[in-house]
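Remarks on the overall topology
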Amino acid sequence: MAIDAHDHHLFNAAPSVARMHCIGVAVGDSWTGETIAALLKRRIAQMGRPAAYLKDGGSDLHKAVDLLAEQGLGSPCIDDISHAAACMLKRSYQHHPAFERFLSACGRVSGKRKHTLLACLAPPTVRTKARFMHGHRLCTWAARRLQLSPAGGAKAGSIFARLRACLDELPACKDLIKRFHADAQGLLACQQMLKPQGLSADTQSPCEPLIAAMPSAALRRAFRA
């Protein structure tokens with residue numbers, strides 16, 4: 001897909017599908033950096049080099065752009081905001097000592113509650129590859145379930161007692177859940193403004209208090225940049 005390089009001058013909004021044009025379609029059993037580069041090279045031969053690439057964080061796309069640059073056909077890259085924000089979260093949390101424990105706790109609840117009367121209380125499914133794009137869903141679920149996890153007050157053998165029995169690891173992750181949830185919600189709220197309206201002084205200003213409220217200093221700096 002292609003869009004006019006001057007779209008941001010012509011329209012006071014983020015790029016939309018209505019203003020995009022299909023410049024080629026290709027189907028393959030699998031795609032690699034080499035095959036994507038070959039496809040883009042054919043498009044470049046017909047239409048010229050693009051002013052820039054707007055892409056997600058896929059390693060195959062990174063490699064394709066690098067291969068084209070080696071052939072003198074390079075163009076700047078712009079990472080889309082959803083993937084850029086997910087990468088920032090990943091850098092901040094993937095090595096956090098409680099993060100793997102939190103994921104394990106969620107998996108344990110999912111395994112014990114699916115196909116039971118309490119299946120509606122199981123955590124949302126988040127693919128491993130996209131866990132930092134949709135991690136806020138897990139944290140929202142976990143924050144709500146923590147309200148049910150304190151011991152006592154449930155009759156032995158009851159539904160609530162069985163639910164609490166598989167939530168025993170979540171309280172130990174409470175600080176991580178609270179922090180990750182606040183960071184992810186701040187990033188998500190900013191994206192909800194920037195995606196439809198685009199980045200400008202008018203949209204940057206209302207994002208600032210949302211960024212300032214995020215607990216992770218490194219994440220605040222990265223997102224502001």
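Model, not experiment: these values are computed from the prediction. (Residues numbered from 1 in each chain as written. Predicted model: local features only at pLDDT ≥ 70, side-chain atom pairs only at ≥ 80, totals over all residues. Heavy atoms only, no water.)

A few words on the side chain of Lys55. Mapped onto the elements of the fold, Lys55 is located in strand β1 (residues 53-55). Using a relative accessible area of 8% as the deciding quantity, one classes Lys55 as buried. Apart from the residues within four sequence positions on either side, Lys55 is in contact with Leu61, His62, Cys77, Ile78, Asp79 and Asp80. (Helix = DSSP H or I, 4+ residues; strand = E, 2+ residues; numbered from the N terminus. Buried < 20%, exposed > 50% of the residue type's maximum accessible area, 1.4 Å probe, protein only. Contact = heavy atoms within 4.5 Å.)

Between helix α4 (residues 81-93) and helix α8 (residues 174-197), whose axes approach to 10 Å, the crossing angle comes to 165 degrees. The pairing of α4 with α8 is recorded here as roughly antiparallel in orientation. In this structure, α4 meets α8 at a crossing whose hand is right-handed. For the pair formed by α4 and α8, the contact residues are Ile81, Ser82, Ala85, Leu89 and Tyr93 on the first element and Leu176, Arg179, Phe180, Asp183, Ala184, Leu187, Gln191, Leu194 and Lys195 on the second. Its residues placed into classes, the contact of α4 with α8 shows nine nonpolar, two polar and three charged. (Axes fitted to C-alpha atoms, helices over the stretch in contact; angles between N-to-C directions. Parallel < 35°, antiparallel > 145°, perpendicular 65-115°, else oblique. Left-handed = near helix turned anticlockwise from the far one by under 90°. Nonpolar A, V, L, I, M, F, W, Y, C, P; charged D, E, K, R; others polar.)

Inspection of the entire model under this criterion finds four aromatic pairs. Geometrically, the ring pair formed by Phe99 and Phe132 is stacked, given 5.3 Å between the ring centres and 15 degrees between the ring planes. Of the two residues, Phe99 is situated in helix α5 (residues 99-113) and Phe132 in the loop between α5 and α6 (135-146); the sequence distance between them amounts to 33 residues. With respect to burial, Phe99 and Phe132 carry one shared label: buried. (Phe/Tyr/Trp six-rings, centres within 6.5 Å; stacked < 30°, edge-to-face > 60°.)

Grouped together as the largest cluster of nonpolar side chains are 34 residues, with contacts concentrated most on Leu89, Phe102, Leu170 and Phe180. Breaking this core down by element, the ones donating at least two residues are α4, α5, α6, α8, α9 (201-212) and α10 (217-224). Here this core takes eight residues from α8, the largest share from any one element. Contacts of Phe102, omitting those with residues within four sequence positions, involve Leu138, Cys139, Ala142, Leu170, Cys173, Leu176 and Ile177. (Core = buried A, V, L, I, M, F, W, Y, C linked by side-chain atoms within 4.5 Å.)

Looking now at the pattern of salt bridges. The tally for this structure, following the rule as stated, stands at four salt bridges. Between Asp7 and Arg19 there is a salt bridge, and its shortest N-O distance comes to 2.7 Å. With a gap of 12 residues between them, Asp7 in helix α1 (residues 7-10) and Arg19 in the loop between α1 and α2 (33-47) connect regions that are remote in the sequence. Here Asp7 matches Arg19 in class, with each residue buried. Its salt-bridge partner being Lys63, residue Glu34 comes within 2.7 Å of it at the nearest N-O pair. On the criterion of sequence distance, the pair formed by Glu34 in helix α2 and Lys63 in helix α3 (residues 59-70) is long-range, its members being 29 residues apart. With a relative accessible area of 40%, Lys63 lands in the partly exposed category. (Salt bridge = Lys/Arg side-chain N within 4 Å of Asp/Glu carboxyl O.)

Turning our attention to α3. With 12 residues, α3 extends 17 Å between its outermost C-alpha atoms, agreeing within 8% with the 16 Å of an ideal straight helix rising 1.5 Å per residue. Inspection of α3 places Ala64, Val65, Leu67 and Leu68 among the buried residues, and these make up the whole buried set. Taken down its axis, α3 places every buried residue within 160 degrees of arc, on the same side. Facing away from the buried side of α3, by more than 90 degrees, are the exposed residues Ser59 and Glu70. For α3, the secondary structure elements touched by its buried residues are α2, β1 and β2 (77-79). Following α3 by one or two positions, Gly72 adopts a phi angle in the positive range, close to 80 degrees. (Expected span 1.5 Å × (residues − 1). Arc of directions from axis to C-beta.)

How two helices pack is summed up by the angle between their axes together with the distance between the axes. Between α8 and α9, the shortest axis-to-axis distance is 9 Å and the interhelical angle comes to 170 degrees. One finds that α8 runs roughly antiparallel with respect to α9. Residues Gly186, Ala189, Cys190, Met193, Leu194 and Gln197 of α8 lie in contact with α9, whose contacting residues are Thr203, Pro206, Cys207, Leu210 and Ile211. Across the contact of α8 with α9, the residue classes tally to eight nonpolar, three polar and no charged.

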